[in-house]
Amino acid sequence: MGKIEDKIKETFNDMTKVQQTVAVYILKHTDEVSFMTANELADNIGVSDTTVIRFCMFLGFSGYREFKKYLSDDIRSSDNTYNRLKKIINTNTDSIFKSVLIKDMKDIEQTMLNEDNVKAFKNISGLLKMAETVYTFGHRGAHFPAELLSFSLHKQGKNVVLIQDIDQMSVITKKDLVIFFTFMRYNKIVIDSFNYFIDRNIPIVLITDTGILPVFQEADVVIHCNMTNNPISASIASMVSISNAIASAHAVDNKESVMNNLNEIESMMSKFELYYM
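Nothing here was measured: the structure is a model prediction, and the numbers come from that model. Numbering of residues starts from 1 in each chain and follows the order in which that chain's sequence is written. Given that the model is predicted, a residue must reach a pLDDT of at least 70 before its local features are reported, and side-chain atom pairs must reach 80 or more before they are shown or counted; all residues, however, enter totals for whole chains, interfaces and linings. Side-chain numbers come from the whole structure's heavy atoms, not from hydrogens or water.

Participant: Mind showing me how you'd approach the layout of surface pockets here?
Facilitator: Sizing a probe to match a water molecule and rolling it over the atoms shows the empty space that remains. Cavities and pockets were defined on a 1 Å grid built over protein atoms only: a cavity is a set of grid points that admits a 1.4 Å probe from which the probe cannot escape, a pocket is an open set flanked by protein on both sides within 12 Å along at least five of seven lines, and lining residues are those with an atom within 4 Å of any such point. Grid points are joined across faces, edges and corners, and a volume is the space filled by probe spheres set on the points. A volume near 170 Å³ is recorded for the second largest pocket. By the criteria applied, helices consist of DSSP H or I runs no shorter than four residues and strands consist of E runs no shorter than two, each listed in order from the N terminus. Those elements giving two or more residues to the lining of the second largest pocket turn out to be helix 8 (93-113), helix 9 (115-122) and helix 13 (237-253). Top element by residues in the lining of the second largest pocket is helix 13. It accounts for 4 residues. Basically, the charged four are Asp, Glu, Lys and Arg, the nonpolar ten are Ala, Val, Leu, Ile, Met, Phe, Trp, Tyr, Cys and Pro, and anything else, Gly included, counts as polar. Of the residues assigned to the lining of the second largest pocket, the class counts are 7 nonpolar, 4 polar and no charged.

In structure tokens:
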């Protein structure tokens, strides 16, 4: 974040106490605020809608709508690949190798130590077992962990589909399960797809970053992944680990059928001499 942060800090001492409360909340939850209505923001802070609107006007905006557009534009312009790369352009490549891997390990560790994640993960097995078909969804950077989970569950004999086109979404029913991977920056396709599933009462397991939009609270299960921003993109190491964990848990819960399916796959590979060794 850049310009909004500067604008708030420059005027912070001139704000009333309640305006300072609004300012602090926005600085701490910038990404989420960019998707909130004025009413949602007010409820989360514990102030009135009028207070939020007056705060926006104090900063020089005509109202909350202009403030939110300015905030969204600010996020898009500051949190992009070019700006992240510019910060480390003169860094030694040896230090990059170590720092990126260390950050990935820390992301996985923090995700693992999150008690809410531990509790939420236990509920995924039951949803997988009840689902007639499992659909995995991941757009842009989140596509890989979705594809990995789809591949892993398919090998185990689970009826699974990787969503690659919105046309595939029309056949999903309440008897199915959507495992939804996403992280900042959320685009329109992601939000609209999520709302589509919610409107149709389709069970959702959400694998996302540490921030959460109000709409995402509608998911049946939420796993929060620590995701450090690397020079080119956000690290998805923890998200990939969660994908592996879900596939492993499914294998343990369905030992007999999974083993039978894997043995059949091995027999086919041997018959077609797929591998040299």
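Participant: Would you take a moment to explain the nonpolar core for this structure?
Facilitator: Val-33, Leu-41, Tyr-64, Phe-67, Phe-180 and Phe-197 are the most contacted members of the largest nonpolar core, which has 43 residues in total. At 5 residues, helix 12 (residues 188-199) tops the list of elements feeding residues into this core. Should any heavy atoms of two residues lie within 4.5 Å, those residues are counted as being in contact. Contact partners of Phe-197, with chain neighbours within four places excluded, come to Ile-163, Met-169, Ile-172, Val-178, Phe-180, Ile-202 and Ile-204. Put simply, a nonpolar core is a bunch of buried Ala, Val, Leu, Ile, Met, Phe, Trp, Tyr and Cys residues held in one set by side-chain atoms that sit within 4.5 Å of each other. We call a residue buried when its accessible area falls under 20% of the maximum for its residue type, exposed when it is over 50%, and partly exposed in between, using a 1.4 Å probe and counting protein chains only. Ranked by size, the runner-up nonpolar core spans 27 residues in total, among them Leu-153, Val-160, Val-221 and Ala-234.

Participant: How should I be thinking about the pairing of strand 5 (residues 221-224) in this particular structure?
Facilitator: Side-chain positions along a regular strand alternate between the two faces of the sheet. Alternating positions in strand 5 separate into two faces, Val-221 and Ile-223 on one and Val-222 and His-224 on the other, with burial throughout. Strand pairing is assigned whenever DSSP identifies at least 2 bridges connecting the two strands. Where strand 4 (residues 204-208) meets strand 5, 4 bridges bridge the pair, whose relative direction is parallel. From the neighbouring strand, Leu-206 faces strand 5, where its bridge partner is Val-222.

Participant: What exactly am I supposed to notice about the packing of helix 2 (residues 17-28) against helix 4 (residues 38-45) here?
Facilitator: Angle between the axes and distance between the axes: these two values describe a pair of packed helices. At a minimum axis distance of 10 Å, the contact between helix 2 and helix 4 shows a crossing angle of 105°. With respect to helix 4, the axis of helix 2 lies roughly perpendicular. Taking contact as the criterion, the partners of Thr-21, Val-22, Tyr-25 and Ile-26 in helix 2 are, on helix 4, Leu-41, Asn-44 and Ile-45. Split into classes, the residues belonging to the contact of helix 2 with helix 4 amount to 5 nonpolar, 2 polar and no charged. Fitted lines through C-alpha atoms give the axes, limited to the stretch in contact for helices. The angle between two N-to-C directions lies from 0 to 180 degrees. What sets the label is the angle itself: under 35 degrees gives roughly parallel, over 145 gives roughly antiparallel, 65 to 115 gives roughly perpendicular, and the rest give oblique.

Participant: Even after reading the chapter, I still don't get the packing of helix 2 against helix 5 (residues 49-58), so can you show me in this structure?
Facilitator: It is at 10 Å that the axes of helix 2 and helix 5 come closest, and there the two elements cross at 85°. With respect to helix 5, the axis of helix 2 lies roughly perpendicular. Seen from helix 2, the contacting residues are Val-18, Gln-19, Val-22, Ala-23 and Ile-26; seen from helix 5, they are Thr-51, Arg-54, Phe-55 and Phe-58. Partitioning the contact of helix 2 with helix 5 into residue classes produces 6 nonpolar, 2 polar and 1 charged.

Participant: In this structure, what is going on with the pairing of strand 1 (residues 134-138)? I would like to understand it.
Facilitator: Here strand 1 lies mainly inside the structure; 5 of its 5 residues are buried. The alternating pattern of strand 1 places Val-134, Thr-136 and Gly-138 on one face and Tyr-135 and Phe-137 on the opposite face, and all of these are buried. Inspection of the sheet shows strand 1 paired to strand 2 (residues 160-162) by 3 bridges, in the parallel sense. Among the inter-strand pairings, Tyr-135 is bridged to a residue of strand 2, identified as Val-161. Crossover handedness is defined here as right-handed if the route from the first strand over the helix to the second strand goes clockwise, with the strands pointing away from the viewer. In this view, the connection linking strand 1 to its parallel neighbour strand 2 by way of helix 11 (residues 143-155) has right-handed handedness.

Functional significance is not addressed by these values, which are geometric in nature.
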